[in-house]
Amino acid sequence: MAKDNVPFHSVIFPSCLIGSGDNYTLVNHLSATEYLNYEDSKFSKSRGIGVFGDQAKETDIPADVWRFYLLYIRPESHDSVFNWDDMFLKVNSELLNNLGNFINRALSFTKKTFAGVLPKFQLSEEDKKFIATVSREVKKYTQSLEGLKLRNGLRHVLAVSQLGNGLIQANKPWVLVKGSPEDKLRGGSVIYLAVQLVCQITILLQPYMPQVAKEIQTQLKASDDLFVLTETFSPRLPVGHTIDEV
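Residues numbered from 1 in each chain as written. Predicted model: local features only at pLDDT ≥ 70, side-chain atom pairs only at ≥ 80, totals over all residues. Heavy atoms only, no water.

**Structural notes on the overall build of the protein chain**
Assigned secondary structure in the protein chain consists of 9 helices and 2 strands. For the protein chain, the N- to C-terminal ordering of α and β elements is α-β-α-α-β-α-α-α-α-α-α. Projected onto the principal axes, the alpha-carbon positions of the protein chain cover approximately 75 × 40 × 25 Å. By the burial criterion, 40% of the 246 residues in the protein chain qualify as buried. Total accessible area computed for the protein chain in this model is approximately 13400 Å², and 55% of it derives from carbon and sulfur atoms. Computed over 27 positive and 27 negative side-chain charges, the inter-centroid distance for the protein chain is 6 Å. (Helix = DSSP H or I, 4+ residues; strand = E, 2+ residues; numbered from the N terminus. Buried < 20%, exposed > 50% of the residue type's maximum accessible area, 1.4 Å probe, protein only. Areas by Shrake-Rupley, 256 points an atom, 1.4 Å probe, with all protein chains shown as cover. Lys, Arg positive; Asp, Glu negative; His and termini not counted. Charge placed at Lys NZ, Arg CZ, Asp CG, Glu CD.)

**Regarding the pattern of salt bridges**
Going through the model one piece at a time under the given rule, you end up with 7 salt bridges. With a closest N to O distance of 2.8 Å, Arg74 and Glu76 form a salt bridge. The pair formed by Arg74 and Glu76 is uniform in burial state, with each residue classed as buried. (Salt bridge = Lys/Arg side-chain N within 4 Å of Asp/Glu carboxyl O.)

**Considerations on the packing of helix H4 (residues 84-114) against helix H8 (residues 181-205)**
A pair of packed helices is captured by two measures, namely the crossing angle of their axes and the spacing between those axes. Contact pair H4 / H8: the axes reach a minimum separation of 10 Å and the direction vectors enclose 135°. Considered as vectors, H4 and H8 are oriented oblique to each other. Relative to H8, the crossing made by H4 is left-handed. For the pair H4 and H8, contact is made by Leu99, Phe102, Ile103, Ala106, Leu107, Phe109, Thr110 and Phe114 and by Gly188, Ile191, Ala194, Val195, Leu197, Val198, Ile201 and Leu205, respectively. Counted by class, the contact of H4 with H8 contains 14 nonpolar, 2 polar and no charged residues. (Axes fitted to C-alpha atoms, helices over the stretch in contact; angles between N-to-C directions. Parallel < 35°, antiparallel > 145°, perpendicular 65-115°, else oblique. Left-handed = near helix turned anticlockwise from the far one by under 90°. Contact = heavy atoms within 4.5 Å. Nonpolar A, V, L, I, M, F, W, Y, C, P; charged D, E, K, R; others polar.)

**So, the layout of surface pockets**
Take a probe with the size of a water molecule and roll it over the atoms, and the empty space left behind shows itself. Each pocket or cavity is described by its volume, and for the largest pocket that value is around 170 Å³. Contributing to the lining of the largest pocket are Val65, Leu95, Leu96, Leu99, Gly100, Ile103, Leu205, Met209, Val212, Glu215 and Ile216. Counting residues per element, the ones that place at least two in the lining of the largest pocket are H4 and helix H9 (210-220). Among the elements that line the lining of the largest pocket, the one with the most residues is H4, at 5 residues. Residue composition of the lining of the largest pocket, by class: 9 nonpolar, 1 polar and 1 charged. (1 Å grid on protein atoms, 1.4 Å probe; cavity = no way out; pocket = protein on both sides within 12 Å on 5 of 7 lines; lining within 4 Å. Points joined across faces, edges and corners; volume = space filled by probe spheres on them.)

**Observations concerning a nonpolar patch on the surface**
Residues Phe8, Val11, Ile12 and Phe13 make up a contiguous nonpolar surface patch of about 360 Å² in total accessible area. Relative to the assigned elements, Phe13 resides in helix H1 (residues 6-20). Residue classification places Phe13 among the partly exposed positions, given a relative accessible area of 39%. (Patch = residues over 30% accessible without salt bridge, like charges linked within 9 Å, V, L, I, M, F, W, Y side chains within 5 Å.)

**Side note on the environment of Ser161**
With respect to the helices, strands and loops of the structure, Ser161 is situated in helix H6 (residues 150-171). Spatially, the C-alpha atom of Ser161 lies 14 Å from that of Ala213, the residues being 52 residues apart in sequence. Residues within four places of Ser161 in sequence aside, it is in contact with Asn98, Leu99, Phe102 and Ile201. Looking at Ser161, its side chain comes within polar contact range of the main-chain oxygen of Leu158, at 2.9 Å. (Polar contact = N/O pair within 3.5 Å; in protein donor to acceptor, adjacent residues only side chain to side chain.)

**Some details on the side chain of Ser144**
Tracing the backbone through its elements, the reader meets Ser144 in helix H5 (residues 125-146). Taking the relative accessible area as the measure of exposure, Ser144 reaches 8% and is therefore buried. Excluding residues that lie within four positions of it along the chain, Ser144 makes contacts with Lys149, Asn152, Gly153 and His156.

**Things to note about the nonpolar core**
In terms of nonpolar packing, the biggest core is built from 55 residues, with Phe102 and Leu220 touching the most fellow members. For this core, the secondary-structure elements that each account for two or more residues are helix H3 (63-72), H4, H5, H6, H8 and H9. Looking at which element gives the most residues to this core, the answer is H8, with 13 residues. Those residues in contact with Phe102 that lie beyond four places of it in its chain are Ser161, Gly164, Asn165, Ile168, Ala194, Leu197, Val198 and Ile201. (Core = buried A, V, L, I, M, F, W, Y, C linked by side-chain atoms within 4.5 Å.)

**Concerning unusual backbone geometry**
Within the chain, Leu148 stands out as a residue other than glycine whose phi angle is a positive 60°. Within the fold, Leu148 resides in the loop between H5 and H6. Taking relative accessible area as the criterion, Leu148 reaches 29% and is therefore assigned partly exposed. Located in the positive-phi region is Lys221, a residue other than glycine, with phi close to 55°. Take Lys221: it is sitting in the segment after H9.

The following block contains the structure:
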């Protein structure tokens, strides 16, 4: 709820419930935000300033994209502004070029080079450091959601996908798979780790973009029992697992 509703819901209404003498359940935690403004003004339904549910539907922009941007700018510590240009910028730079790019690269390469089958792997010391780095982001993500810092939680999801892009770019698996047996094993290990990271990202993405997360889960051919949030990043899909068409 917005900050102007806090006094009523935290003091006035609970006082009324207590005063009634009935055994009502009282609020014990509130999630309040600052104000979300529209462009250079305030949202106003009566004056037609802003974009509202029926108008959002008419844009044909998927609901998950709206969820992504609104949570990305969620006014948790100060007022924030909904801006159309910024929305398209964030969707292109963060959602497509960062998150979407990594997921597509990892799964497309697996399908094209390994016929969609998760290859054998051998983790290097650098890989183990990488896993530890991702685990720290996962832990921060969990702490953010537990503290109702949803905007920060989304930032950690994007940080994980950025790490994934860095993993692929630094190792160049498309070069490794054409080299020696050792290089091929290394290339397979990078892709194995990348696909596992896609699985992890999909779990982290569920509260923010549930439809997109479900689509990625389908591409991974991963069962629901694998989609449980843990405190650390660890492989969930076994060697030999086959992903679906990308």
